[in-house]
Amino acid sequence: MTAADVARVRARQRELGIPESFEWVAETTTALRAAIEGSGLVVHEHPLMVLDPGAPVPAADELSGGSSVRTIGPDDPALASALAVPHLAFAEPGTGVGLAGVTELAEAVRARAGDGSVGRTVARIGAGLTSVAAAVEGGAALCAGQHQPVGAVSEIVGVGTLPSARRRGLGLAVTAALVADARSRGVETVFLSAGDDDVARIYARVGFRRVATALIAEPAE
């Protein structure tokens, strides 16, 4: 693939109204990076991790420090905040305690009320394509994430903790809940892309190990 090939794909992505992005595994597609960067996209590296099949994952409630951790169904009133909280988390990256709190979370839920994200997720939950788990306090999700099963494989995505609620084990607890849900569905392979090496060390505590490097390319901000 050349930079011109990438440019044609990006043009088609724009026509379809979808994000201009590419994801691949560095170790298996070594020549793609040069073409991607040649097209003007910025490449980010993330540890690609797989859960050891025999890993004894702790129960979510043992990790959450008293917060209620549960799978979020389509009628759960915490669903809207469970979808909003990762966006606040990723806006303040890292593992340290941040500024955004419950006030900002409530504002984010109101701002996203008409964007259709809840309806789309409800449909995916009903179709068995997405499962959402969250650590909930006071009716709001302080941490949430999803896994997306396809047959015997599922990817854990979007695990994020409200910045002001970090360092309480909530991300680990939500991850454990997602793993338990995936296993209950017959999933044999669970994988994820960690944000960075610090986050990868957290996932290692519940049995994930690094197997490769995930590359994600997006336009420069």
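Scroll up to find the structure.
Here the structure is a predicted model, which is why all the values come from computation and not from measurement.

Enquirer: I would appreciate a short explanation of the overall build of the chain in the present structure.
Expert: Along its length, the chain carries eight helices and eight strands. With the C-alpha coordinates of the chain rotated into their principal frame, the extents come out at 50 × 40 × 35 Å. When burial is assessed residue by residue, the chain has 43% of its 221 residues classed as buried. Restricting to contacts in the chain with at least 6 residues of sequence separation, those with at least 24 account for 73%. Accessible area of the chain: about 11000 Å², with a carbon and sulfur share of 54%. Charged side chains of the chain number 19 positive and 25 negative; the gap between the two group centres comes to 1 Å.

Enquirer: Explain unusual backbone geometry here, please?
Expert: In most cases, non-glycine residues show a negative phi, while peptide bonds are predominantly trans. Its identity as a non-glycine residue notwithstanding, Arg167 has a phi of 65°, on the positive side. Summarising the element assignment, Arg167 is placed in the loop between β6 (153-161) and α7 (170-184). Classification of Arg167 by relative accessible area gives exposed; the value is 65%.

Enquirer: Would you mind showing me how to read the pairing of strand β2 (residues 41-51) here?
Expert: Regular strands place their side chains on alternate faces of the sheet. Pairing of β2 with strand β8 (residues 208-219), which is carried by eleven bridges, proceeds in the antiparallel orientation. The partner of Val43 across the bridge, within β8, is Ala217. Where β2 meets strand β7 (residues 189-193), three bridges bridge the pair, whose relative direction is antiparallel. When the sheet's bridge partners are listed, Leu48 is paired in β7 with Ser193.

Enquirer: When you look at the nonpolar core in this model, what are you seeing that I'm missing?
Expert: The nonpolar side chains of a soluble globular protein tend to be buried, and buried together. Judged by nonpolar contacts, the single largest core of 49 residues is most densely connected at Ile156, Tyr203 and Phe208. A total of nine residues in this core trace back to one element, the largest contributor, which is α7. Non-local contacts of Phe208, meaning those with residues more than four positions away in its chain, are made with Met49, Val50, Leu51, Ile156, Thr175, Val179, Val190, Phe191, Leu192 and Tyr203. Residues Trp24, Ala35, Ile36 and Leu41 belong to the second largest nonpolar core, which totals ten residues.

Enquirer: Where do I start with the sheet that holds strand β5 (residues 140-150) in this structure?
Expert: Strands pair in a sheet through their backbones, by hydrogen bonds, and they do so in one of two ways: parallel or antiparallel. Strand order in this open sheet of eight strands is β1-β8-β2-β7-β6-β5-β4-β3, and the pairing throughout is mixed. Only two strands of the sheet have a single partner each, and these edge strands are β1 (22-25) and β3 (68-72). When strand polarity is set aside, the average angle formed by the axes of neighbouring strands in this sheet is 25°. Helix α4 (residues 79-91) rests against β3, β4 (131-137), β5 and β6 of the sheet, and its axis sits at about 95° to β5.

Enquirer: Teacher, can you tell me more about the packing of α4 against helix α6 (residues 117-126) here?
Expert: If you want to describe how two helices pack, look at the angle between their axes and the distance between the axes. Where α4 contacts α6, the axes come no closer than 10 Å and their chain directions differ by 110°. Judged by the inter-axis angle, α4 sits roughly perpendicular to α6. Of the residues in α6, those touching α4 at Leu79, Ala80 and Leu83 are Ser117, Val118, Thr121 and Val122. Looking at the contact of α4 with α6 residue by residue, the class counts come to five nonpolar, two polar and no charged.

Enquirer: Explanation requested: the environment of Ala217 in the structure shown.
Expert: Inspection of the secondary structure assignment puts Ala217 in strand β8. On the basis of relative accessibility, which here comes to 0%, the residue Ala217 falls in the buried class. Taking the C-alpha atoms as reference, Ala217 lies 29 Å from Ala113; in sequence the two are 104 residues apart. Once residues lying within four places of it in the same chain are set aside, the contact partners of Ala217 are Glu20, Ser21, Phe22, Trp24, Ile36, Leu41, Val42 and Val43.

Reading the values: rules and limits
Residues numbered from 1 in each chain as written. Predicted model: local features only at pLDDT ≥ 70, side-chain atom pairs only at ≥ 80, totals over all residues. Heavy atoms only, no water. Helix = DSSP H or I, 4+ residues; strand = E, 2+ residues; numbered from the N terminus. Buried < 20%, exposed > 50% of the residue type's maximum accessible area, 1.4 Å probe, protein only. Contact = heavy atoms within 4.5 Å. Areas by Shrake-Rupley, 256 points an atom, 1.4 Å probe, with all protein chains shown as cover. Lys, Arg positive; Asp, Glu negative; His and termini not counted. Charge placed at Lys NZ, Arg CZ, Asp CG, Glu CD. Pairing = 2+ DSSP bridges. Core = buried A, V, L, I, M, F, W, Y, C linked by side-chain atoms within 4.5 Å. Axes fitted to C-alpha atoms, helices over the stretch in contact; angles between N-to-C directions. Parallel < 35°, antiparallel > 145°, perpendicular 65-115°, else oblique. Nonpolar A, V, L, I, M, F, W, Y, C, P; charged D, E, K, R; others polar.

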